[in-house]
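Coordinate inspection notes
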Amino acid sequence: MPNSLDRFRPALNAAIQAAQTYLENLDEAPVGATADLATLRKQLRKDLTDDGLAPEQVISELARDVQGGLIATGGGRFYGWVIGGAVPAALGADILTSVWDQNCALYATSPAAAVAEEIAGDWLKEILGLPKRASFALVTGCQMAHTTCLAAARHALLAKMNWDVEERGLFGAPPIRILTSAMRHGTFERAIQYLGIGKAAVQYLDADDRDCLRADALERALQIGPAGPTIVLLQAGDVNIGAMDDFKTLIPIAKRHGAWVHVDGAFGLWAGANARYKHFLAGVESADSWATDGHKWLNVPFDCGYAFVANAESHRASMSHRASYMIHVGDARDELDWTLEWSRRARGFPTYAALRQLGRHGVADIVARCCEHAHTIVTGIGKLAGAELVWEPTINQGLVRFLDPKPGATDKDHDRRTDEVIAAITASGVAFFGGTTWRGKRAMRVSVSCWQTSAEDVAKTVSAVERILSEGRD
Ligand SMILES: *Cc1c(COP(=O)(O)O)cnc(C)c1O
């Protein structure tokens with residue numbers, strides 16, 4: 001009689017083989033996609049069969065047919081958007097998470113997963129410098145962390161007005177107002193949209209020359225009202241320049257007016273794990289809620305985000321649910337008291353494993369290396385003929401731009417040149433950067449958030465850009 005392993009072995013072996021081939025080539029393979037849409041459709045489109053196929057055939061064909069369509073975000077020369085890789089222990093734990101295939105709604109549905117998650121939550125609070133008493137949830141990403149935190153905010157603010165939002169919904173409820181700067185990430189607006197607060201509730205306030213929310217603008221907006229339930233969204237690391245709001249000044253202003261302060265710290269909150277960058281986050285611990293990611297700077301595989309709420313009761317009240325068939329055990333932590341999902345993956349294991357592998361110093365070291373590498377790339381490219389440094393990184397995000405050499409070139413020409421050079425870098429396969437429009441001009445965004453990026457990767461990257469800029473010049 002074949003046992004379970006016998007039934008899985010061929011597919012597992014095929015998967016491990018494919019994984020090893022992928023990782024073996026990761027440093028040399030083109031960073032961007034090399035196959036176009038039509039090619040990928042052709043490679044992957046098969047007739048759906050009546051009787052299926054052998055599992056190992058499915059796996060080896062899948063690994064073959066995605067070729068050219070994977071982006072080497074886990075390697076050392078991917079600097080687009082803000083995307084991390086996976087440290088080995090987190091990857092190993094993530095594979096086991098799939099093997100164990102636990103449903104992590106309750107302690108009763110997977111006791112070990114619930115306990116690992118409980119411990120991971122405590123470690124995260126410690127390493128991020130958040131209050132010990134804060135509640136937390138492991139969610140799919142910062143998007144859902146915002147949604148979780150703002151559901152808690154909605155609960156707390158409306159409860160103060162004697163409005164039970166979980167029972168009565170938002171029809172007829174006192175309107176909630178949201179104050180933030182234009183630097184917020186799009187996921188924040190989507191959370192507002194999902195929660196029924198509506199994007200029209202958001203009032204955008206002025207930022208200063210470092211893209212930080214101005215204290216006088218916040219004070220004025222809170223003073224002139226309308227009074228009522230208010231959420232202030234602050235930014236710990238925006239995607240263009242890693243802008244950090246001045247938490248020490250802004251949070252007390254918001255609190256004085258009874259507002260709920262939520263912090264988008266998708267990656268920036270991690271800067272606080274390194275003593276050299278901690279000052280950027282001074283005062284952040286006095287916010288009401290924080291959203292961050294595991295799949296960016298902590299280098300846990302997708303999908304993994306974290307929500308934290310200072311007032312655990314508001315968090316629980318906005319999520320918790322009881323049903324007659326559910327089993328609750330003693331003081332065990334039931335995940336669905338804190339999450340939007342019901343059935344869910346054992347997301348705690350990879351986080352637990354990443355933190356165990358890295359330790360405090362390991363996390364601090366990833367932060368420092370990424371910041372240093374971002375600085376070297378931006379200043380290195382900024383010095384090249386035909387390039388211009390736009391923003392020197394203070395953490396791991398910076399901007400450069402490329403100039404059209406023709407006489408009398410306008411900003412429009414430089415914008416076009418910038419996009420052309422970004423495309424040429426991607427086409428070279430050596431590195432991958434994204435474009436952005438910052439203060440009305442196109443720029444190339446440099447984001448370093450992968451643990452794999454090395455000094456050698458940085459040098460290779462700068463030389464590749466130098467080569468591309470010099471092409472066609474002589
Ligand atoms: C990436 C990012 C988000 C969104 O996070 P997801 O994990 O993709 O949901 C939100 N805010 C900032 C600043 C980000 O960098």
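Calculation rules
Residues numbered from 1 in each chain as written. Predicted model: local features only at pLDDT ≥ 70, side-chain atom pairs only at ≥ 80, totals over all residues. Heavy atoms only, no water. Helix = DSSP H or I, 4+ residues; strand = E, 2+ residues; numbered from the N terminus. Rg over C-alpha atoms; globule rule 2.2 N^0.38 Å. Buried < 20%, exposed > 50% of the residue type's maximum accessible area, 1.4 Å probe, protein only. Contact = heavy atoms within 4.5 Å. Areas by Shrake-Rupley, 256 points an atom, 1.4 Å probe, with all protein chains shown as cover. Pairing = 2+ DSSP bridges. Axes fitted to C-alpha atoms, helices over the stretch in contact; angles between N-to-C directions. Salt bridge = Lys/Arg side-chain N within 4 Å of Asp/Glu carboxyl O. Disulfide = S-S within 2.5 Å. Core = buried A, V, L, I, M, F, W, Y, C linked by side-chain atoms within 4.5 Å. Domains from an automatic or database assignment.

Concerning the overall build of the protein
What the protein contains, in helices and strands, is 14 helices and eleven strands. The globule rule puts the C-alpha radius of gyration for 474 residues at 23 Å, and the 24 Å found for the protein is close to it. Taken along its principal axes, the extent of the C-alpha atoms in the protein is 75 × 70 × 45 Å. Put simply, the protein has 474 residues, and 51% of those count as buried. Looking at the protein alone, contacts between residues at least 24 apart form 72% of all its contacts between residues at least 6 apart. Of the roughly 21,900 Å² of accessible surface on the protein, 55% is carried by carbon and sulfur atoms.

Points about the sheet that holds strand S9 (residues 397–402)
Taken in spatial order, the four strands of this open sheet run S8-S9-S11-S10, and their pairing is antiparallel. The sheet is open, and its two borders are formed by strand S8 (387–391) and strand S10 (434–438), each paired with just one other strand. If you compare each strand with its neighbour and ignore which way they point, the axes differ by 40° on average. Looking at chain direction, S10 and strand S11 (residues 441–447) are connected through five bridges and run antiparallel. Paired with Thr 437 across the strands is Arg 442, a residue of S11. The strands touched by helix H13 (residues 411–428) within the sheet are S9, S10 and S11, with S11 carrying the most contacts at an inclination of about 30°.

Side note on the pairing of strand S6 (residues 289–293)
With five of five residues buried, S6 lies mostly within the body of the structure. A two-sided burial pattern is seen for S6, the buried positions comprising Ser 289, Ala 291 and Asp 293 on one face and Trp 290 and Thr 292 on the other.

Re the pattern of salt bridges
Applying the stated criterion across every chain, the model contains 27 salt bridges. Among the salt bridges present, the one from Arg 347 reaches Asp 303, with a minimum N-O distance of 3.5 Å. Linking Arg 347 in the loop between helix H11 (312–319) and helix H12 (348–382) with Asp 303 in the loop between S6 and strand S7 (305–309), this pair joins segments that are 44 residues apart in sequence. One connected set of salt bridges, linked through shared partners, spans Glu 388, Arg 401, Asp 411 and Asp 415.

Here's the deal with the state of the cysteines
Applying the stated criterion across every chain yields a total of zero disulfides. The structure places no disulfide on Cys 212, whose sulfur is separated from the nearest cysteine sulfur, that of Cys 371, by 16 Å. Using a relative accessible area of 10% as the deciding quantity, one classes Cys 212 as buried. With no disulfide partner, Cys 370 has as its closest neighbouring cysteine sulfur the one in Cys 371, 6.9 Å distant.

Let's talk about the nonpolar core
Formed by 77 residues in total, the largest nonpolar core has its most connected members in Trp 270, Trp 290, Leu 298 and Ile 381. Looking at this core, the element that brings in the most residues is H12, giving twelve residues. Formed by 33 residues, the second largest nonpolar core is a distinct cluster that contains Ala 151, Ile 176, Ala 291 and Val 309.

Some thoughts on the domain arrangement of the protein
Often the size quoted for an interface is simply the accessible area lost on bringing the parts together. According to the domain assignment, the protein contains domain 1 (4–72) and domain 2 (92–357). Using only C-alpha atoms to locate each centre, domain 1 and domain 2 end up separated by 36 Å.

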